[in-house]
Amino acid sequence: MTLRTFKGTTPRLGARVYIDPACVVLGDVTLGDDCSVWPMTVIRGDMHRIRIGARCSIQDGSVLHITHASDYNPDGHPLTLGDDVTVGHKALLHGCTIGSRVLVGMGATVMDGVIVEDEVIIAAGAVVTPGKRLESGQVYAGNPAKPLRALKEAERAFFTYTAGNYVKLKDEYLAQPPV
């Protein structure tokens, strides 16, 4: 039961989406065209919505969740990813907004209310604390995450390269006959 309905809402998938059988996607979740969700990932839209753009790769062991509405946070925080986002292995994204052409490094944590503008690298293991805004064109690292330096041109080109590479890989998985 990789895709699960919660309170009458079933995840919606764009064209050519690959979801590994060893993960869970549930509730109010939308995945754009050509996305891939790799083993042991959990995408849990049970108390708010999750919207993931086109050509996003959510790698092994990642957890994507929301912040529910409450007396402490009346509107809660949905989780939103733009296009061409690569989420590294074991990343945690919680109630945040990620722009397009972003790389979230392995084991990074991005917390409630964070806004990540387009074309940002969040280094492996970085912790982005609640409510921060990460500006376009920067690499952020550390705990708490701070700007490390400006992006290099090769890094800007890497955003679409890595997104495209994962599109090719998921197409190979989709082409395999079912077991």
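Residues numbered from 1 in each chain as written. Predicted model: local features only at pLDDT ≥ 70, side-chain atom pairs only at ≥ 80, totals over all residues. Heavy atoms only, no water.

The protein is annotated in an unreviewed UniProt entry as Gamma carbonic anhydrase family protein of Chromohalobacter beijerinckii.

Chemist: I'd like to hear about the packing of aromatic side chains, residue by residue, with values.
Modeler: Tallying each qualifying case throughout the model produces five aromatic pairs. With a centroid separation of 5.1 Å and 45 degrees between ring planes, the pair formed by Tyr18 and Tyr173 is classed as tilted. Taken as a pair, Tyr18 in strand β3 (residues 18–19) and Tyr173 in helix α1 (residues 153–175) lie far apart in primary sequence, 155 residues in all. Consider the rings of Phe158 and Tyr161, whose centres lie 5.8 Å apart with planes at 35 degrees: the pair is tilted. Linking Phe158 with Tyr161, this pair stays in helix α1, spanning three residues, or about one helical turn. What makes Phe158 partly exposed here is its relative accessible area of 35%. Here a set of aromatic residues connected by ring pairs shows up, and it is made of Tyr18, Trp38, Tyr166 and Tyr173. (Phe/Tyr/Trp six-rings, centres within 6.5 Å; stacked < 30°, edge-to-face > 60°. Helix = DSSP H or I, 4+ residues; strand = E, 2+ residues; numbered from the N terminus. Buried < 20%, exposed > 50% of the residue type's maximum accessible area, 1.4 Å probe, protein only.)

Chemist: Which residues make up the sheet that holds strand β20 (residues 146–150), and what are the values?
Modeler: An order of β3-β5-β7-β10-β13-β16-β19-β20 is seen for the eight strands of this open sheet, with the pairing classed as mixed. Looking at the sheet topology across the chains shown, the edges are occupied by β3 and β20. Note: strand β16 (residues 120–122) against strand β19 (residues 138–141), two bridges, orientation parallel. Its bridge partner being in β19, Ile122 is matched across the sheet by Tyr140. (Pairing = 2+ DSSP bridges.)

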